[in-house]
Amino acid sequence: PGGLGGAARMREPAPILAALGRALRARRAGRAWTLEEAARAAGLSVGYLSMVELGRNAISLPRLARLAAALQVRLPDLFAQAETGLSPEETPNP
């Protein structure tokens, strides 16, 4: 069968990473910051932050903490915002 091989095919982002990315983008937009401004404030590259916002890159907790501080949002609030963006099937069970 034709088509792309597994390595060439783009995977869909994990639901929690996609939801976290959407929450980060919403917070950045709320400050009217560009990707460049947010990346600079958090000490991240623009490309990396873009991939995080798209849910394509997982972000380490220290980097997420720096980004949250730059966006002036507490980590629990950011996680809560991300969790509300998940469907019931995607919400992790405690």
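Residues numbered from 1 in each chain as written. Predicted model: local features only at pLDDT ≥ 70, side-chain atom pairs only at ≥ 80, totals over all residues. Heavy atoms only, no water.

Draft legend 1. View of the packing of helix α1 (residues 15-30) against helix α5 (residues 75-84). Two elements in contact, α1 and α5, have axes whose closest approach is 8 Å; the angle formed by their N-to-C orientations is 120 degrees. The pairing of α1 with α5 is recorded here as oblique in orientation. Judged by the twist between their axes, the crossing of α1 over α5 is right-handed. Listed contacts from α5 to Ala-19, Leu-20, Ala-23, Leu-24, Ala-26 and Arg-27 of α1 are Asp-77, Leu-78, Phe-79, Gln-81 and Ala-82. Across the contact of α1 with α5, the residue classes tally to 8 nonpolar, 1 polar and 2 charged. (Axes fitted to C-alpha atoms, helices over the stretch in contact; angles between N-to-C directions. Helix = DSSP H or I, 4+ residues; strand = E, 2+ residues; numbered from the N terminus. Parallel < 35°, antiparallel > 145°, perpendicular 65-115°, else oblique. Left-handed = near helix turned anticlockwise from the far one by under 90°. Contact = heavy atoms within 4.5 Å. Nonpolar A, V, L, I, M, F, W, Y, C, P; charged D, E, K, R; others polar.)

Draft legend 2. Region of the structure containing the packing of helix α4 (residues 61-70) against α5. For the pair α4 and α5, interaxial distance at closest approach is 10 Å and the crossing angle is 100 degrees. Classified by the interaxial angle, the pair formed by α4 and α5 is roughly perpendicular. In this structure, α4 uses Leu-61, Leu-64, Ala-65 and Ala-68 to contact α5, whose residues at the interface are Leu-75, Leu-78 and Phe-79. Here the residues of the contact of α4 with α5 sort into 7 nonpolar, no polar and no charged.

Draft legend 3. Spatial organisation of the packing of aromatic side chains. Evaluated as defined, the whole model comprises 0 aromatic pairs. A cation sits over an aromatic face here: Arg-31 above Trp-33, 4.4 Å from the ring centre. The ring of Tyr-48 has Arg-63 sitting right over it, with the charged end atom 5.0 Å from the ring centre. (Phe/Tyr/Trp six-rings, centres within 6.5 Å; stacked < 30°, edge-to-face > 60°. Lys NZ or Arg CZ within 6 Å of the ring centre and 35° of its normal.)

Draft legend 4. Examining the confidence of the model for the protein chain more closely. For the protein chain, mean pLDDT is 86; residues scoring 70 or higher make up 80% of the total. Per-residue pLDDT stays below 50 along residues 1-9; that stretch engages in 1 contact with residues further than four places along the chain or on separate chains. (pLDDT = per-residue confidence, 0-100.)

Draft legend 5. Spotlight on the nonpolar core. Judged by nonpolar contacts, the single largest core of 22 residues is most densely connected at Leu-20, Leu-24, Ile-59, Leu-67 and Leu-78. Only α1, α2 (35-42), α3 (46-53), α4 and α5 provide two or more residues apiece to this core. If we skip the residues at most four places from it in the chain, Leu-67 touches Leu-24, Ala-38, Ala-42, Leu-44, Leu-49 and Ile-59. (Core = buried A, V, L, I, M, F, W, Y, C linked by side-chain atoms within 4.5 Å. Buried < 20%, exposed > 50% of the residue type's maximum accessible area, 1.4 Å probe, protein only.)

Draft legend 6. Broad picture of the pattern of salt bridges. Summed over all chains, the structure comprises 3 salt bridges. Across the salt bridge formed by Glu-53 and Arg-28, the nearest N and O atoms sit 2.7 Å from each other. Highlighted residues: Glu-53 in helix α3 and Arg-28 in helix α1, separated in sequence by 25 residues. Where Asp-77 meets Arg-74, a salt bridge forms, and the shortest distance between an N and an O atom there is 3.2 Å. (Salt bridge = Lys/Arg side-chain N within 4 Å of Asp/Glu carboxyl O.)

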